[in-house]
Amino acid sequence: MPKEITVLGIPFKNTTLEKASSFVVDSVKNGKKGYICTPNPEMLLESQRNSTFKNVLKHSLLNVPDGIGILWAATHIYNKSGKIKAFLTLPLVILYPAYFKKVLQERVTGADLMQTICKKIAKESINCFFLGAAPGVAKKAADILEKKYPGLAINGTHSGSPDDKEMDEIINMIDKSEADILFVAYGAPAQELWISKVINRLKTVKIAIGIGGTLDFISGTKVRSPKWMQKIGLEWLYRLIQEPSRWRRIYNATIKFPIRIISSLDAPSS
Ligand code: UDP
């Protein structure tokens, strides 16, 4: 298995939920500063047209693949598959996803990563801050997680916005909380762009992570798909039924992304 695979110019570490969450905890303990990203196919497409976002993803401490589509792409890039093979294996993404776990081992979602980190830091003197989501959502998610993981220290929550006008006020609030880990729920790419702008200005935060709609799921504002759907890579279908307005994002992840990857295979080396 390779240590790292680059998909559309973005490097992904070959890691697992367990290892990635330990990496975050160890980084905080060792005073390492930076941010972690959980790119999905749609974010990779966005990075192709937004060079600032691409740069942000390239400079993260760790990128974990949040989407079976990335595991599918990594398999064919690593094995130097031809276009036809890549196309023919697309149904396996749903029928036999384990087929794509030989190059990158595991899909690591932002939602799972965040909760595993919370579980681990509940046993350590490491604390965190939840930023983003609609008013009240972060606080509700914090209350739920503090009950679920006794000892977890969530030093502050704020709904806020990625608007530059609010930046100084939010930075002050986070500094005052003395948080070690910052979870940001502004959705991609806003959260990653915001994090990259502020990470070096934050006094106590060592690690920041964009977590998309995770606080909505934890608070019960939105319902996450059943585990079996997550396992076979159909979480997107569940979200489409819940939020039909996401159709363009889902079209990008399920149609545009595979086309982009397939057309890059067999191409002269670039
Ligand atoms: N959000 C926010 N401020 C904004 C835009 C979005 O707090 O200006 C929040 C939104 O309420 C939601 C999260 O960002 O909680 C984005 O969730 P989404 O489902 O878009 O993210 P995904 O899980 O698809 O990455």
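Note: the structure precedes this text.
Parameters at a glance
Residues numbered from 1 in each chain as written. Predicted model: local features only at pLDDT ≥ 70, side-chain atom pairs only at ≥ 80, totals over all residues. Heavy atoms only, no water. Near = heavy atom within 4 Å. Polar contact = N/O pair within 3.5 Å; in protein donor to acceptor, adjacent residues only side chain to side chain. Areas by Shrake-Rupley, 256 points an atom, 1.4 Å probe, with all protein chains shown as cover. Nonpolar A, V, L, I, M, F, W, Y, C, P; charged D, E, K, R; others polar. Pairing = 2+ DSSP bridges. Helix = DSSP H or I, 4+ residues; strand = E, 2+ residues; numbered from the N terminus. Contact = heavy atoms within 4.5 Å. Axes fitted to C-alpha atoms, helices over the stretch in contact; angles between N-to-C directions. Buried < 20%, exposed > 50% of the residue type's maximum accessible area, 1.4 Å probe, protein only.

Around the ligand, a shell composed of 14 residues is seen, among which Ala133, Gly213, Asp216, Arg246 and Arg249 lie nearest. At 3.4 Å from an oxygen atom of the ligand is found a main-chain nitrogen or oxygen belonging to Gly187. The contact in question runs from an oxygen atom of the ligand to an N or O atom on the side chain of Arg249, over 2.7 Å. Within the complex, 71% of the 550 Å² of free accessible area of the ligand lies under protein. In terms of residue class, the shell around the ligand is built from 5 nonpolar, 4 polar and 5 charged.

On to the sheet that holds strand β8 (residues 207-210). Strand order in the open sheet formed by 6 strands is β4-β3-β8-β7-β5-β6, and the pairing between neighbours is parallel. Looking along the sheet, the strands with just one partner apiece sit at the ends: β4 (62-63) and β6 (153-158). Running at roughly 155 degrees to strand β7 (residues 181-185), helix α7 (residues 110-121) makes contact with β3 (34-37), β5 (127-132), β7 and β8 of the sheet.

Another aspect to go through is helix α4 (residues 68-78). At 3.6 residues per turn, the α-helix brings residues three or four places apart onto the same side. The buried fraction of α4 amounts to 9 of the 11 residues, a majority that puts the element mostly inside the structure. Taken residue by residue, α4 has Ile68, Gly69, Ile70, Leu71, Trp72, Ala73, Ala74, Thr75 and His76 as its buried positions. For α4, the secondary structure elements touched by its buried residues are β1 (4-7), β2 (10-13), α2 (41-49), α5 (83-88), α6 (92-95) and α14 (247-264). One or two residues past the end of α4 sits Lys80, with phi positive at roughly 50 degrees.

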